[in-house]
Amino acid sequence: AQTVTQSQPEMSVQEAETVTLSCTYDTSESNYYLFWYKQPPSRQMILVIRQEAYKQQNATENRFSVNFQKAAKSFSLKISDSQLGDTAMYFCAFIGFGNEKLTFGTGTRLTIIP
Amino acid sequence: DTAVSQTPKYLVTQMGNDKSIKCEQNLGHDTMYWYKQDSKKFLKIMFSYNNKELIINETVPNRFSPKSPDKAHLNLHINSLELGDSAVYFCASMGRLSNEQFFGPGTRLTVL
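Values in this document were obtained by computation on a predicted structure and should not be read as measured data.

Participant: I'm lost on the side chain of T103 of chain A in this one. Help?
Facilitator: All names here are of chain A. Topologically, T103 is positioned in strand 11 (residues 103-104). By relative accessible area, which is 15% here, T103 ends up buried. Leave out the neighbours within four places in its chain, and T103 touches Q2, V4, C92, A93 and F94.

Structure representation (structure tokens):
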């Protein structure tokens, strides 16, 4: 069974700073996908970024980028130039290729301080 | 043109009642899900249907019964509601090619 671990229950940073959220996972599969989802106070689950395990290049979406270390089974999210609207719960998630079950981490509550 | 919609968004009811939550997706996806998010924000999968067939059932009490009349709909019926059923329930759907799941807005269920 896959497990996803987010070791930082809460984090806070000043607006415009850079913050990195940690995620590690455990799996015996070689092909899989990793995701970061954002859940603002509105409770809507929003996909922030995705990474295919077979791609060595780290995914980037505007101010959001990941550091994917497949051997270490690590998948951290970096938010650059943080904005007040980035305040949210962030969930790391894993799904095996061809699988239907998405496994979530326990989440990191991120607060951006004005 | 909402991708995944759920109704209602809020549901307050008494213990022992029976209630349903409806979910519809217009993305043409084959796979749909129900998740439960507890008060600590932990997201746990409950059920998954692929083209109207149940493929995942995560040891959910049989008071919970999903129903999929077609592949665009996955409804959740809950019998004999208990206090511990209070949570936010999310519906989601997934495309076959991307393995990306799209979530509905969630239904906050409060059992009194």
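Participant: Would you take a moment to explain the environment of A87 of chain B for this structure?
Facilitator: All names here are of chain B. Residue placement: A87 occurs in strand 9 (residues 87-94). For A87, a relative accessible area of 7% corresponds to the buried category. Along the primary structure A87 and P69 are separated by 18 residues, whereas in three dimensions their C-alpha atoms are 25 Å apart.

Participant: Mind showing me how you'd approach the pattern of salt bridges here?
Facilitator: A side chain with one charge can pair with a side chain of the opposite charge if their charged atoms come near. Under the definition given, this model contains 9 salt bridges over all chains. For K73 of chain A, the salt bridge is made with D26 of chain A, and the minimal N-O distance between the two is 3.7 Å. Linking K73 of chain A in the loop between strand 8 (64-69) and strand 9 (74-79) with D26 of chain A in strand 4 (residues 24-26), this pair joins segments that are 47 residues apart in sequence. What makes K73 of chain A partly exposed here is its relative accessible area of 25%. Measuring nitrogen to oxygen at the nearest pair gives 3.9 Å for the salt bridge that ties E100 of chain B to R50 of chain A. Linking E100 of chain B in the loop between strand 9 and strand 10 (101-103) with R50 of chain A in strand 6 (residues 46-52), this pair reaches from one chain into another. Each member of the pair, E100 of chain B as well as R50 of chain A, carries the same accessibility label: buried. Within this structure, R50, E52 and K55 of chain A together with E100 of chain B form a network of salt bridges that share partners.

Participant: Help me out: how do you make sense of the state of the cysteines in this one?
Facilitator: Joining two cysteines, a disulfide is a covalent bond between their sulfur atoms. Summed over all chains, the structure comprises 2 disulfides over all chains. The disulfide partner of C23 of chain A is C92 of chain A, and the S-S distance across this bridge is 2.0 Å. One quick way to see it: the torsion about the S-S bond of C23 of chain A and C92 of chain A is about -70°, and its sign makes the bridge left-handed. Remark: C92 of chain A occurs in strand 10 (residues 88-96) and C23 of chain A occurs in the loop between strand 3 (19-21) and strand 4; sequence separation between them is 69 residues. Accessibility expressed as a relative area gives 1% for C23 of chain A, which makes it buried. For C23 of chain B, the disulfide goes to C91 of chain B, at an S-S distance of 1.8 Å. Handedness of the C23 of chain B-C91 of chain B disulfide follows from its S-S torsion of about -75°: it is left-handed. One end of the pair, C23 of chain B, is in strand 3 (residues 19-25); the other, C91 of chain B, is in strand 9, with 68 residues separating them in the sequence. No difference in accessibility class separates C23 of chain B from C91 of chain B, as the two residues are buried.

Participant: Hey, could you run me through the sheet that holds strand 8 (residues 73-78) of chain B in this one?
Facilitator: Paired through their backbone hydrogen bonds, the strands of a sheet run either parallel or antiparallel. All names here are of chain B. The strand order across the open sheet formed by 4 strands is 1-3-8-7, and the pairing between neighbours is antiparallel. Each edge of the sheet is formed by a strand with only one pairing partner; in this case those strands are strand 1 (4-7) and strand 7 (64-70). Direction aside, neighbouring strands of the sheet carry axes that sit 20° apart on average. Here strand 3 pairs with strand 8 via 4 bridges, running antiparallel. Along strand 8, the bridge assignment pairs S20 with H77.

Reading the values: the criteria
- Residues numbered from 1 in each chain as written.
- Chains lettered and ligands numbered in written order.
- Predicted model: local features only at pLDDT ≥ 70, side-chain atom pairs only at ≥ 80, totals over all residues.
- Heavy atoms only, no water.
- Helix = DSSP H or I, 4+ residues; strand = E, 2+ residues; numbered from the N terminus.
- Buried < 20%, exposed > 50% of the residue type's maximum accessible area, 1.4 Å probe, protein only.
- Contact = heavy atoms within 4.5 Å.
- Salt bridge = Lys/Arg side-chain N within 4 Å of Asp/Glu carboxyl O.
- Disulfide = S-S within 2.5 Å.
- Pairing = 2+ DSSP bridges.
- Axes fitted to C-alpha atoms, helices over the stretch in contact; angles between N-to-C directions.

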